[in-house]
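Inside the fold
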Amino acid sequence: MVTIKKQLVSSRMRTFSGINGRNFITIHETANYAKGAGAQMHADLQSSGFSASWHWQVDDKVAIQSFPHTVRCWHAGDGAGNGNFHSIAIEICVNVDGDFQQAVVNAAALVKKIMHDEGIPSANVVQHHHWSGKDCPRHLRKGDKGIDWASFKRLLPTKADRSSSNLSYGSQGEAVKQLQIDLNKLGYKLTIDSSFGPATERAVKAFQASLKLTVEGIVGPQTQKALKEALVKQSVSRKVLKVGDKGDNVRAMQAALASVGFYPDKGSENYGVDGYFGTKTRDTVKRFQSVYTPTEIDGIFGPKTRYELNRIIKK
Ligand SMILES: [Zn+2]
């Protein structure tokens, strides 16, 4: 596994303003054949202020990050296009004293990690050429150094996890539809049209702001997770629950209670979170009430108990 390092550039002089969309990964080669022109040298070049910028450089030993993925770097040659505004840039080093094939293998390991972290499918790992027609990454395109673009792509996981792909302005399809349904359940009033337009973007930003997440209008893994949690809390707040009830509402209530230390049955599997409101769950609700709603200790999960539980979870 390639060593991964950070040497972040603090200056934003050579980047675009706004937040990078992170829907693509763009592969470059440095075209710098000089001895010693490896990842460290290029990271230092960016630190000292080069005329372009990119997120990562990788050689046969190390991958070094220069900019957070949320920064829009100058690398794709497509102006305000998807290359500069929606992709993460990786430069593969071609220095004569380096092992190019190993550098490509290292780049693939890095790409795999970024695909996972940012929810980017392998179909969206593209060449610099894709954006501007430039002959880059030159040797991977030509295959004259023992490894070509197709072999590089084969090093990446083929099965894209669609559910974890980022959604942002312009996205279409089932995942957007589900996002709109989820947002409406949380009180937003979107037209369900499977198309991520200005209204959906506003709703996503409002949701992110309400939870103090980065307000970027892009639905990545963190926002997806927050949405799921918000929906669980929402379902907790729906109904009065009591002994004999069962189902997802009960399960969500039990999970919420357990998350603040009130386990339906601490000794049993899954702490007794089983979707069934029996006497043990009733006693758990009573224990919770004796602490938080001492004037109402009836073992029934009603509005007052629910309000207190939600308040404590939000802390
Ligand atoms: Zn390039």
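Residues numbered from 1 in each chain as written. Predicted model: local features only at pLDDT ≥ 70, side-chain atom pairs only at ≥ 80, totals over all residues. Heavy atoms only, no water.

Per an unreviewed UniProt entry, the protein carries the name N-acetylmuramoyl-L-alanine amidase and comes from Sporosarcina ureilytica. According to the UniProt record, the Catalytic activity (unreviewed entry) comment for the protein is "Hydrolyzes the link between N-acetylmuramoyl residues and L-amino acid residues in certain cell-wall glycopeptides." Under Sequence similarities (unreviewed entry), UniProt gives the following word-for-word description of the protein: "Belongs to the N-acetylmuramoyl-L-alanine amidase 2 family." (UniProt positions renumbered as here; feature names shortened; annotations may be inferred.)

**What about the UniProt feature "domain: N-acetylmuramoyl-L-alanine amidase" (unreviewed entry) in the protein?**
Taking the UniProt record as the reference, the feature "domain: N-acetylmuramoyl-L-alanine amidase" (unreviewed entry) is found at residues 11-146. Across residues 11-146, the secondary structure splits into 31% helix and 22% strand, with the terminal C-alpha atoms separated by 38 Å. (Helix = DSSP H or I, 4+ residues; strand = E, 2+ residues; numbered from the N terminus.)

**Some details on the coordination of the zinc ion**
For the zinc ion, the protein coordination sphere consists of His 28 (ND1), His 128 (ND1) and Cys 136 (SG), at 2.1 to 2.3 Å. Each donor residue of the zinc ion lies on one chain, and together they are spaced H-x99-H-x7-C. In this pair, His 28 is assigned in strand 3 (residues 24-29) and Cys 136 in the loop between helix 4 (128-132) and helix 5 (138-142), connecting sequence segments 108 residues apart. Exposure remark for His 28: the relative accessible area of 2% places this residue in the buried category. Residue classification places Cys 136 among the buried positions, given a relative accessible area of 4%. (Donors = N, O, S within 2.8 Å, 3.2 Å for Na, K, Ca; no water. Buried < 20%, exposed > 50% of the residue type's maximum accessible area, 1.4 Å probe, protein only.)

**Looking at helix 10 (residues 248-259)**
Here helix 10 spans 16 Å end to end across twelve residues, near enough to the 16 Å set by a 1.5 Å rise per residue. Restricting attention to buried positions, one finds in helix 10 the residues Val 250, Ala 252, Met 253, Gln 254, Ala 256, Leu 257 and Ala 258. Immediately beyond the C-terminal end of helix 10, within one or two residues, lies Gly 261, with a positive phi of roughly 95°. (Expected span 1.5 Å × (residues − 1).)

**Examining unusual backbone geometry**
Cis geometry marks the peptide bond from Cys 136 to Pro 137; its omega dihedral reads 0°. Residues other than glycine seldom take positive phi values, yet Arg 22 does so here, at roughly 60°. Counting through the fold element by element, Arg 22 comes out in the loop between strand 2 (15-19) and strand 3. If you check the backbone angles, Ala 31 has positive phi at about 60° while not being a glycine. Within the secondary structure layout, Ala 31 lies in the loop between strand 3 and helix 1 (39-47). Given a relative accessible area of 54%, Ala 31 falls into the exposed group.

**Points about the packing of aromatic side chains**
Under the criterion given, the structure shown has nine aromatic pairs. Residues Phe 24 and Trp 131 carry aromatic rings whose centres are separated by 5.0 Å and whose planes lie at 90° to one another, so their mutual orientation is edge-to-face. With Phe 24 in strand 3 and Trp 131 in helix 4, the pair connects residues that are 107 residues apart, well separated along the chain. Here Phe 24 and Trp 131 have matching classes, each one buried. For the ring pair Phe 262 and Phe 288, a centre distance of 5.3 Å and an interplane angle of 80° mean the geometry is edge-to-face. In this pair, Phe 262 is assigned in the loop between helix 10 and helix 11 (279-292) and Phe 288 in helix 11, connecting sequence segments 26 residues apart. Residue classification places Phe 262 among the buried residues on the basis of a relative accessible area of 13%. We note Arg 72 situated over the ring of Phe 85; from NZ or CZ to the ring centre the distance is 3.8 Å. (Phe/Tyr/Trp six-rings, centres within 6.5 Å; stacked < 30°, edge-to-face > 60°. Lys NZ or Arg CZ within 6 Å of the ring centre and 35° of its normal.)

**Topic: the pattern of salt bridges**
For the coordinates displayed, the defined rule picks out nine salt bridges. Close ionic contact of Asp 265 with Lys 280 constitutes a salt bridge, the shortest N to O distance being 3.0 Å. Of this pair, Asp 265 sits in the loop between helix 10 and helix 11 while Lys 280 sits in helix 11, placing them 15 residues apart in sequence. Looking at Asp 265, the relative accessible area reads 22%, which means it is partly exposed. One salt bridge connects Arg 311 with Glu 308, and the closest N-O pair in it is separated by 2.6 Å. Linking Arg 311 with Glu 308, this pair stays in helix 12 (residues 303-314), spanning three residues, or about one helical turn. Under the relative-accessibility criterion, Arg 311 is labelled partly exposed at 33%. On the basis of relative accessibility, which here comes to 13%, the residue Glu 308 falls in the buried class. One salt-bridge network, in which partners are shared between bridges, spans Arg 22, Glu 118 and Glu 216. (Salt bridge = Lys/Arg side-chain N within 4 Å of Asp/Glu carboxyl O.)

**Considering the side chain of Glu 29**
Mapped onto the elements of the fold, Glu 29 is located in strand 3. Of the buried charged residues, Glu 29 lacks a salt bridge, with Arg 138 as the closest side chain of opposite charge at 7.0 Å. Separated by 3.4 Å, the side chain of Glu 29 and the backbone nitrogen of Arg 138 make a polar contact. Polar side-chain contacts of Glu 29 include one of 2.9 Å to the backbone nitrogen of Leu 140. Sequence-distant contacts of Glu 29, defined by excluding residues within four places in its chain, comprise Glu 91, Ile 92, Val 94, Phe 100, Cys 136, Pro 137, Arg 138, His 139 and Leu 140. (Lys, Arg positive; Asp, Glu negative; His and termini not counted. Polar contact = N/O pair within 3.5 Å; in protein donor to acceptor, adjacent residues only side chain to side chain. Contact = heavy atoms within 4.5 Å.)

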